[in-house]
Amino acid sequence: FFTFMGLVLERSGMAEDLLETIGQLFGKVRGGLAYAVVLVGALLAATTGVVAASVISMGLISLPIMLKYGYSQSVSTGVIAASGTLAQIIPPSLVLIVMADQLGVSVGAMYQGALLPSLMLVGLFMLYVFAITRLNKKALPALPAEALRLSETGHRLQIAKAVVFVLLPPLALIFLVLGTIFLGIATPTEGGAMGAVGALSIAAFKKRLNIELLKQALDSTTKLSCFVLFILIGSTVFGLTFRAVEGDLWVEHLMGDLPGGELGFLVAVQILIFALGFFLDFFEIAFIVIPLLVPVADKLGIDLVWFGVMIAMNMQTSFLTPPFGFSLFYLKSVAPKIVKTVKIYKGSV
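About the cut-offs
- Residues numbered from 1 in each chain as written.
- Predicted model: local features only at pLDDT ≥ 70, side-chain atom pairs only at ≥ 80, totals over all residues.
- Heavy atoms only, no water.
- Helix = DSSP H or I, 4+ residues; strand = E, 2+ residues; numbered from the N terminus.
- Buried < 20%, exposed > 50% of the residue type's maximum accessible area, 1.4 Å probe, protein only.
- Contact = heavy atoms within 4.5 Å.
- Salt bridge = Lys/Arg side-chain N within 4 Å of Asp/Glu carboxyl O.
- Axes fitted to C-alpha atoms, helices over the stretch in contact; angles between N-to-C directions.
- Left-handed = near helix turned anticlockwise from the far one by under 90°.
- pLDDT = per-residue confidence, 0-100.

## Description of the side chain of T321
Reasoning step 1: Positionally, T321 belongs in the loop between α14 (304-315) and α15 (326-334).
Reasoning step 2: On the basis of relative accessibility, which here comes to 9%, the residue T321 falls in the buried class.
Reasoning step 3: Those residues in contact with T321, other than ones at most four positions away along the chain, are F274, G277, F278 and L328.

## What about the pattern of salt bridges?
Note that side chains of opposite charge can pair when their charged atoms are close.
Reasoning step 1: Applying the stated criterion across every chain yields a total of 1 salt bridge.
Reasoning step 2: One salt bridge connects D219 with K223, and the closest N-O pair in it is separated by 3.7 Å. Of the two residues, D219 and K223 are both situated in helix α10 (residues 211-244); the distance of 4 residues between them amounts to about one turn of the helix.

## Concerning the environment of F175
Reasoning step 1: Tracing the backbone through its elements, the reader meets F175 in helix α8 (residues 156-182).
Reasoning step 2: When the C-alpha positions of F175 and G195 are compared, they lie 9.6 Å apart, and in sequence the two are 20 residues distant.
Reasoning step 3: The contact partners of F175, leaving out residues within four places of it in the chain, are T180 and L183.

## Quick word on the packing of helix α4 (residues 51-68) against α15
Reasoning step 1: Where α4 meets α15, the closest approach of the two axes is 9 Å, and the angle between their N-to-C directions is 35°. Crossing angle aside, the handedness with which α4 passes α15 is right-handed. Side by side, α4 and α15 meet where V51, A52, V55, I56, G59, L60 and L63 of the first sit next to S327, Y330, L331 and V334 of the second.

## Looking at the confidence of the model for the protein chain
Reasoning step 1: Residues with a pLDDT of 70 or more make up 96% of the protein chain, whose mean pLDDT is 83.
Reasoning step 2: Per-residue pLDDT, averaged within each element of the protein chain, yields its smallest value for helix α11 (residues 247-256) (73) and its largest for helix α7 (residues 107-135) (92).

## Digging into the environment of F4
Reasoning step 1: Inspection of the secondary structure puts F4 in helix α1 (residues 2-11).
Reasoning step 2: For the pair F4 and T221, spaced 217 residues apart in sequence, the C-alpha separation works out to 5.6 Å.
Reasoning step 3: Each residue touching F4, except ones within four places of it in the same chain, is listed here: A196, L200, L214, A217, L218 and T221.

This is how it looks when you write it as structure tokens:
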């Protein structure tokens, strides 16, 4: 449901509308487009939950504009890649659903646990942009007056209208999905179903709902669901074989006997997950590595929801770290030819 909701919204052009409006609102401020990208990344994450969709949409729409107005290549690409990966951690994220399943906790609890850390991450991204505007004033200039269509005098009504029609639908959808789950009115599955209906309604309201859009969204949802299921089957076979040779006991002794007890275990796990993120997708980490760590965490008395949120925050970087971060390749596939891979790597670091 969440994947389908995200794909419908992505294809209904919501990202373009959000970037256009928020970019205009922040245009006067130095680094305004970068702030807009972070905010839109957060909104897309909370509505679509699809990293590829967020990075590609923002790369196609905002990167050419940022470069046109003299923004630094590395800062621009870094901000877009990082903001796109917010879909990993801001609820309703696919990562959190998978993590909840592997940890044996409820999806609602994982969503509640991840909300504050993910919003703090958005704040830190914006703080980073602010720091760049202070340290290197040429890296993120303000937009020239001719680029600001919405902020001309006498256009207050136009701004208000753009904000109401562009910002309210996604915000209403976020409340419809997450609000009902957090208030205990709906289960995550029911919340996802409502989100899917809400996404279809927004697409219909924008007159962009058609058979082609539906077909593409259903097609991609089916592919992604099958892809996840096959990884799950493979990891289950691996898990059973690993347990048969008592590998789980070996991991338990190794991790449980680390110096520093609980803290030593947590530090070692975070370093391990971070290093694996350089080479593996989050699905492989979640399905293969986490089931080996859960018994140890449980034995040490660590709260599994908190443990899961920490790992999810860490895995958020797995899409971002060179050399194999998926976001970097999504962005490179849509970036103008003048943007070199080295610049994208530098920005993401």
